[in-house]
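For reference, the chains in residue letters:
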Amino acid sequence: MNKAWGKVPDQATWQTFEGEAMPHVDRLFRLAMWLERNRAEAEDLVQETLTQALQSFHRYTPGTNCRAWLITILQHVRANRRRARGRAPVDVGIEERVANTIPFVPPIPEVLTDEDLLAALESIPAQYQEAILLCDVQEMTYKEIAAALDIPIGTVMSRLHRGRELLRVALTARGTGSAAAGEVR
Amino acid sequence: MTVTCRETRELADPFLSDQLLVETTHEIVKHLETCPGCRDEFAARRTLRGQLQSAVASSRDLAPRPDFAAQLAANLRPAAAAAQMTRRAWLESWWAAAAALVALVGGGIFARDAVKRSRLATLAANAAGDHQNCAIKFNLRERPIPLEEAARRYDPAFASLTTVDAPTGLPGDAMAVLDRHSCVFDDRRFGHVVFRYEDHIVSLLVTSGSTGSGSAPALVANNTAYRVASFDAGTHAVFVVSDLPERDVLGVAQALAASVTQRLTQS
């Protein structure tokens, strides 16, 4: 929150930044909140992201996807924080294991509540959640996701593919549960 | 090349994310025209994607505090940054108490202005997004509905836009109405009149709320893609969006302002 400023941006830069970047605060926060699961951490993450974005605004190309640019900064800030706190890196080996453990992709249940959907998404491994959120919710291209997560584009595609399969398995389990609960009632 | 059902379904996600080459997209579209099974599968995936977007966008657990964006803007803007930079010097001074008092009084005004600017920026970005995705790309998630229906279901003021005509007396070619309807972008509903002027598309967008910028049209956003002019009319915010030069966008907004304001305030 109290990060020192290297260079104070001028008023014109601020006005352009306010028009281009600030409208994305709500979506940035929702993503940060999903990733951090902690309101104070999420607020801090968004604050630092926008602080860095404002200082680097001369690097933003007008007319390109400003939200994708901000999310790339957010991911870098988050990665740096995780490293600084000495948190364990994400288990990338899980991708190989998951690839070999999905025998059948079930159909998507017809009746789903938002709660079912979010709970199912939360139940799959974090790197798949992240890829699905960036692609489907933030509407970023594969190239933008690759840049934001600092991974090859092929990994983005495989994470999305596997993540969606896992999501469907989780949704089917929840859909079946909801249907059974409905019958009992 | 003819794609099979299996190949089609493997390409479903990049297809829905618009990530395939034009030729491959064409093959998939051809396959979908003749295969109800794959069509249903694609529709289910598209629906799931839309529902996921909506679930995240409407989740209260994930929403920021109502005043978060305004506080953030107040912290980030240059004057605040400068104040933050010199804070230590202030605190070391025996004037610190007086400065704190001034900051307390000024901070309220400052935060209020930040709220207003942030609200205007958000509304202007929504208006530009609606213009781009509705009038230019026909890419809205929700199908537009007639203004009369929107007036019955959401806001009676939308009915007044059914009689807004293209303004006359503007320089160059005559302006013409192409379409009028109500549409939704980023969860915000607009009354939308689409004009053609000088071979450019111009959107008149009306939504409930206030920009806080007053009743005289003013240019509120100007980037490489669009210019946005806005004014308040009673309890509604009005936007004119186009890729025309700023002088023309402002001219159109000024030409429309009197008749639009009169209709909205009488509705």
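Procedures and definitions
- Residues numbered from 1 in each chain as written.
- Chains lettered and ligands numbered in written order.
- Predicted model: local features only at pLDDT ≥ 70, side-chain atom pairs only at ≥ 80, totals over all residues.
- Helix = DSSP H or I, 4+ residues; strand = E, 2+ residues; numbered from the N terminus.
- Buried ≥ 20, exposed ≤ 12 C-beta atoms within 10 Å, placed from the backbone.
- Contact = placed C-beta atoms within 7 Å.
- Nonpolar A, V, L, I, M, F, W, Y, C, P; charged D, E, K, R; others polar.
- Axes fitted to C-alpha atoms, helices over the stretch in contact; angles between N-to-C directions.
- Parallel < 35°, antiparallel > 145°, perpendicular 65-115°, else oblique.
- Left-handed = near helix turned anticlockwise from the far one by under 90°.
- pLDDT = per-residue confidence, 0-100.
- Expected span 1.5 Å × (residues − 1).
- Core = buried A, V, L, I, M, F, W, Y, C linked by C-beta atoms within 7 Å.

A.B. asks: Would you mind going over the overall build of chain B in detail, with residue names and values included?
C.D. replies: Each helix and strand in chain B was counted, giving 10 helices and six strands. Burial status across chain B gives 34% buried among its 267 residues. Residue pairs at least 24 apart in sequence account for 59% of intrachain contacts in chain B once pairs closer than 6 positions are excluded.

A.B. asks: Help me get a handle on the interface of chain B and chain A, residues and values and all.
C.D. replies: Listed per partner, the contact involves 37 residues of chain B and 39 residues of chain A. Elements that contribute at least two residues to the side of chain B that touches chain A include exactly helix H4 (36–58), helix H5 (68–76), helix H6 (78–85) and helix H8 (96–136) of chain B. Among the elements that line the side of chain B that touches chain A, the one with the most residues is H4 of chain B, at nine residues. The residue inventory of the side of chain B that touches chain A, partitioned by class, reads 22 nonpolar, 11 polar and four charged.

A.B. asks: Break down the packing of helix H2 (residues 25–36) of chain A against helix H3 (residues 39–55) of chain A for me, with residues and values.
C.D. replies: All names here are of chain A. Where H2 contacts H3, the two axes come as close as 8 Å, and the packing angle between them is 130°. As judged from the angle between their axes, H2 and H3 are oblique. Between H2 and H3 the crossing geometry is right-handed. Side by side, H2 and H3 meet where Val25, Leu28, Phe29, Ala32, Met33 and Glu36 of the first sit next to Arg39, Glu41, Ala42, Leu45, Val46 and Thr49 of the second. When its residues are assigned to classes, the contact of H2 with H3 shows eight nonpolar, one polar and three charged.

A.B. asks: Pulling in residues and values, what's your account of the packing of H3 of chain A against helix H4 (residues 66–84) of chain A?
C.D. replies: Residues and elements named next belong to chain A. Where H3 meets H4, the closest approach of the two axes is 9 Å, and the angle between their N-to-C directions is 120°. Relative to H4, the element H3 lies oblique. In terms of crossing hand, the pair formed by H3 and H4 is right-handed. Along the contact surface, H3 presents Leu45, Glu48, Thr49, Gln52 and Ala53, while H4 presents Leu70, Ile73, Leu74, Val77 and Arg78. Of the residues contributing to the contact of H3 with H4, the split by class is six nonpolar, two polar and two charged.

A.B. asks: Lay out the confidence of the model for chain B with the relevant residues and their values.
C.D. replies: Residue and element names in this part refer to chain B. Averaged over chain B, the pLDDT score is 82; the fraction of residues at 70 or greater is 82%. Every residue in residues 85–97 is under pLDDT 50, and counting partners more than four places away or in other chains gives six contacts. Complex prediction metrics read pTM 0.54 and ipTM 0.80.

A.B. asks: Break down H4 of chain B for me, with residues and values.
C.D. replies: End to end, H4 of chain B covers 32 Å across 23 residues, agreeing with the expected 33 Å (1.5 Å per residue, within 8%). By the burial criterion, the buried members of H4 of chain B are Cys38, Phe42, Leu48, Arg49, Leu52 and Val56 of chain B. Against the buried residues of H4 of chain B lie H2, helix H6 (114–123) and helix H7 (126–137) of chain A together with helix H1 (5–10), helix H2 (12–16) and helix H3 (22–34) of chain B.

A.B. asks: Outline the nonpolar core, listing residues and values.
C.D. replies: Core analysis: the largest hydrophobic core is formed by 97 residues, its most contacted members being Ala32 and Leu70 of chain A together with Ala124, Val228, Phe239 and Val240 of chain B. Considering every element that reaches this core, the biggest residue donor is H8 of chain B, with nine residues. For Ala32 of chain A, the contacting residues outside a window of four places in its chain are Ala42, Leu45, Val46 and Leu74 of chain A.

A.B. asks: Can you lay out the environment of Pro146 of chain B for me, pointing to particular residues and giving the numbers?
C.D. replies: On the secondary structure map, Pro146 of chain B appears in the loop between H8 and helix H9 (147–153). With 37 residues separating them along the chain, Pro146 of chain B and Cys183 of chain B place their C-alpha atoms 8.8 Å apart.

A.B. asks: Tell me what's going on with the environment of Thr122 of chain B, and back it up with residues and numbers.
C.D. replies: On the secondary structure map, Thr122 of chain B appears in helix H8. Along the backbone, Thr122 of chain B and Thr211 of chain B are 89 residues apart, and their C-alpha atoms lie at a distance of 9.4 Å.

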